[in-house]
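Remarks on the overall topology
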Amino acid sequence: MRDFLDDGVDGAMLDMSHRSRTARLTVTMMVSGLLGYYFGAVAMLAWLAVNAVLESLLVVVAFLRRRGGRPSLVVRLGVPGLFTLAWSVMTTLSWAYGPQAMKFAALVMMFGLLIEALKYAALNRAALLVMAPPPFIALAAAPLISGGFKPWELAVVAFTLLGLLGYMVQTSRALRANALALERAQIEALEASRAKSAFVAMMSHELRTPMNGVLGLAHALGATKLDARQADYLDMIIQSGDGLMTILNDILDLSKIEAGKLELESAPFDVRQLAGQIQKAWNETARRKGLELVLTVTPDTPAWLLGDALRVRQVLLNLVSNALKFTESGRVDIAIAPGEAGGLTLSVSDTGVGLTEEQLSHLFAPFTQGDRSTARRFGGTGLGLTICRHLTELMGGDITVTSAVGAGSTFKVSLALPLAQAPARHGAAAPVLDIDGARVLVVDDNAVNLTVARAILEAAGIVVATASDGHQALTRLLIEDFDVVLMDVHMPGMDGVEAVRRIRAGEAGRADIPVLALTADAMSGDAERLLSQGFDDAHPKPIRPAELLQAVARLAVGSVAPTRLSA
């Protein structure tokens, strides 16, 4: 019964009334003109006064709802009912006392009121019972008021009205069923989106764990003595692994964007330095393909801008990568210039295969490439441009493309980034920490991950001890001294979060020992969450050897003897 009387009346119905206010007031004024013309000023003013009262009631109900109040059921159903009642009385009187033109107008308005009732019935079944009877009664009363009907003609009228009533009931059921189906579909789509985000996060974790072993041990193997052929094979393994990580990161970035979890940073960055780094990164690839990679920065380009340098670099990297991928001969030009309305304009032009009008129409759709042969010929997932568009829009900009088949393409990105001051430079360089001899405890339940961490750390002269879960880690910390702990987050028995909580509580001896999280979790906010739970830093898997060693050195500064510092 509650669903019958109260399923969304105070929400969707009031919203619909608010959205249709302009059309409703327009029709009210038109009817006022007709009433004034045919019945005089008194009728017109009375009609305007009635509608002013009704509109005021609607405003009051909407105000109470915005303030968190909940008007009574009588009020919530009564206001729409009063509207239809007033209009129905007006149409009945117009039919009874108006000329032929007014009778026709009244008949049209009666059917309009029935259609309006059906519209609201799609949101709430009670609305049909409140809004439909007045115009239906007015329509039934019209022939009786007119008079002159023979009995059999009245029977025809009654039969027609019964048919109309049956049609309205059937239509309201169909509309309500469609509305409920849409609501269920929206709920299911939301749940599917949440499930997809959870699946992507889980798969990212599960894929990063074995990739940590592949790339970590490949880098460790590269530090050993290899002949030329073995070194080439190893380079291919690392390049393939990096390619797989690029695809994984693209899928993860797209999932973050769709889930609204991608957060942008804001810090000063050097535009020219960023562009120069990208040119250097792709110069060798261009040279191997026999292409020119040219960078042009106009003199009036701002030196420093405020924004997320990592995401600006990601956009430009994707565009340059695409240009080099689809260009067999000629050149690729990178142009950096100030925007027409401030900010920054990035453009990447190539002399590649170009795009047709059809390909341009779905160029920024995810998992889409120019045609079916593109993936086989050039590779890739088709996510790069989709991510570029989303990142550009998140930074308040836009991306456009012009292209012609066989004549290449030009991608232009406009970013509304404010100017920034160059960050202050520190006079003296920070001392470099020599971590040779430092003691590090690595805690991980995965034997391959332990092997990878051991290989990287021992190659830098670090003394490594291991534990397979939180319990073992606490035991070793009680009886041994360590400078830093590298802790996996997800482990059976006792996970890394619980282990860190107990360390900070003093259950492992030294409560302030630096703990660095080694995690395959890569969703937005994961690092911040770990820091809030007691970790001193977080390093993602697959492990990047140089960055891991820098993090260990930074954390060990307060733990390692001063003799390990060198200028």
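Residues numbered from 1 in each chain as written. Predicted model: local features only at pLDDT ≥ 70, side-chain atom pairs only at ≥ 80, totals over all residues. Heavy atoms only, no water.

**Quick look at the layout of surface pockets**
Approximately 580 Å³ is the volume found for the second largest pocket. Considering the residues around the second largest pocket, the lining is formed by 23 residues, among which Arg24, Val27, Trp87, Leu113 and Glu116 are closest to the centre. Broken down by secondary-structure element, the contributors of at least two residues to the lining of the second largest pocket are α2 (9-19), α3 (21-39), α5 (73-97) and α6 (100-121). Per-element tally for the lining of the second largest pocket: the top contributor is α6, with seven residues. (1 Å grid on protein atoms, 1.4 Å probe; cavity = no way out; pocket = protein on both sides within 12 Å on 5 of 7 lines; lining within 4 Å. Points joined across faces, edges and corners; volume = space filled by probe spheres on them. Helix = DSSP H or I, 4+ residues; strand = E, 2+ residues; numbered from the N terminus.)

**Considering the sheet that holds strand β12 (residues 515-519)**
Taken together, five strands build an open sheet; the order of strands is β10-β9-β11-β12-β13 and the sheet is parallel. The open sheet terminates on both sides in strands that have one partner only, identified here as β10 (463-467) and β13 (537-540). Neighbour to neighbour, the strand axes of the sheet diverge by 25 degrees on average, direction disregarded. Of the pairings in the sheet, the one linking β12 to β13 comprises four bridges and is parallel in character. Within β13, the residue paired with Leu518 across the bridge is His539. Running at roughly 165 degrees to β10, helix α16 (residues 447-459) makes contact with β9 (439-443), β10 and β11 (484-488) of the sheet. (Pairing = 2+ DSSP bridges. Axes fitted to C-alpha atoms, helices over the stretch in contact; angles between N-to-C directions. Contact = heavy atoms within 4.5 Å.)

**Some points on the packing of aromatic side chains**
Centre-to-centre distance and the angle between the planes together describe a pair of aromatic rings. Here the structure, examined in full by the defined rule, presents two aromatic pairs. Between Tyr37 and Tyr38, the aromatic rings sit 4.9 Å apart at their centres with planes inclined by 85 degrees, giving edge-to-face as the arrangement. The exposure class assigned to Tyr38 is partly exposed, which follows from its relative accessible area of 33%. Relative to Trp87, the ring of Trp47 lies with its centre 4.9 Å away and its plane at 80 degrees, an arrangement referred to as edge-to-face. Here Trp47, found in helix α4 (residues 41-66), pairs with Trp87, found in helix α5; they are 40 residues apart in sequence, far enough to count as distant. Neither Trp47 nor Trp87 differs from the other in exposure class; each is buried. (Phe/Tyr/Trp six-rings, centres within 6.5 Å; stacked < 30°, edge-to-face > 60°. Buried < 20%, exposed > 50% of the residue type's maximum accessible area, 1.4 Å probe, protein only.)

**What to know about α3**
Across its 19 residues, α3 extends 26 Å between first and last C-alpha, which sits within 8% of the 27 Å expected from 1.5 Å per residue. Residues of α3 that are buried: Arg24, Thr28, Val31, Ser32 and Leu35. One side of α3 carries all its buried residues, which in axial view fall inside an arc of 115 degrees. For α3, the exposed residues lying more than 90 degrees away from the buried face are Thr22, Met29, Met30 and Tyr37. Positive phi shows up at Gly40, right after α3, with a value of about 105 degrees. (Expected span 1.5 Å × (residues − 1). Arc of directions from axis to C-beta.)

**Side note on the sheet that holds strand β6 (residues 398-404)**
Taken in spatial order, the five strands make up an open sheet running β2-β4-β5-β7-β6, and their pairing is mixed. Looking at the sheet topology across the chains shown, the edges are occupied by β2 (292-297) and β6. Pairs of neighbouring strands in the sheet enclose a mean axial angle of 10 degrees, with direction left out of account. When β2 meets strand β4 (residues 331-338), the two strands line up parallel, connected through six bridges. Across the sheet, Val297 pairs through a bridge with Ile336, a residue of β4. Against the sheet, helix α11 (residues 271-288) engages β2, β4 and β5 (344-350), with an angle of about 175 degrees to β2. Sitting on the sheet, helix α12 (residues 309-325) touches β2, β4, β5, β6 and β7 (408-415), and the angle it makes with β5 is about 15 degrees.

**Side note on the confidence of the model for the protein chain**
When pLDDT is averaged along the protein chain, the result is 80, and 86% of the positions lie at 70 or above. Confidence drops under pLDDT 50 across residues 1-10; counting only partners more than four residues distant or on other chains, this segment forms 28 contacts. The model gives residues 427-432 a pLDDT under 50, and that stretch makes three contacts with residues more than four places away or in other chains. (pLDDT = per-residue confidence, 0-100.)

**Digging into the packing of α3 against α6**
For any two helices packed against each other, one specifies the crossing angle of their axes together with the interaxial distance. Two elements in contact, α3 and α6, have axes separated by 11 Å at closest approach and are oriented at 150 degrees. As far as their axial angle goes, α6 and α3 are roughly antiparallel. The chirality of how α3 crosses α6 is left-handed. Facing α3, whose interface residues are Val31, Leu34, Leu35, Tyr38 and Phe39, α6 presents Ala101, Met102, Ala105 and Met109. Broken down by class, the residue content of the contact of α3 with α6 amounts to nine nonpolar, no polar and no charged. (Parallel < 35°, antiparallel > 145°, perpendicular 65-115°, else oblique. Left-handed = near helix turned anticlockwise from the far one by under 90°. Nonpolar A, V, L, I, M, F, W, Y, C, P; charged D, E, K, R; others polar.)

**As for the environment of Glu55**
With respect to the helices and strands, Glu55 occurs in helix α4. Looking at Glu55, the relative accessible area reads 12%, which means it is buried. The spacing of Glu55 and Phe83 is 28 residues in sequence and 8.9 Å in space, taken between C-alpha atoms. Not counting the four nearest positions on each side in its chain, Glu55 is found in contact with Arg21, Arg24, Leu25 and Phe83.

**As for the pattern of salt bridges**
In total, this model carries 15 salt bridges according to the counting rule given. Arg454 is the salt-bridge partner of Glu458, the closest N and O atoms lying 3.1 Å from each other. Taken together, the positions of Glu458 and Arg454, both in helix α16 and four residues apart, correspond to about one turn of that helix. Residue classification places Glu458 among the partly exposed residues on the basis of a relative accessible area of 40%. Residues joined in a network through salt bridges with shared partners are Glu284, Arg287 and Arg288. (Salt bridge = Lys/Arg side-chain N within 4 Å of Asp/Glu carboxyl O.)

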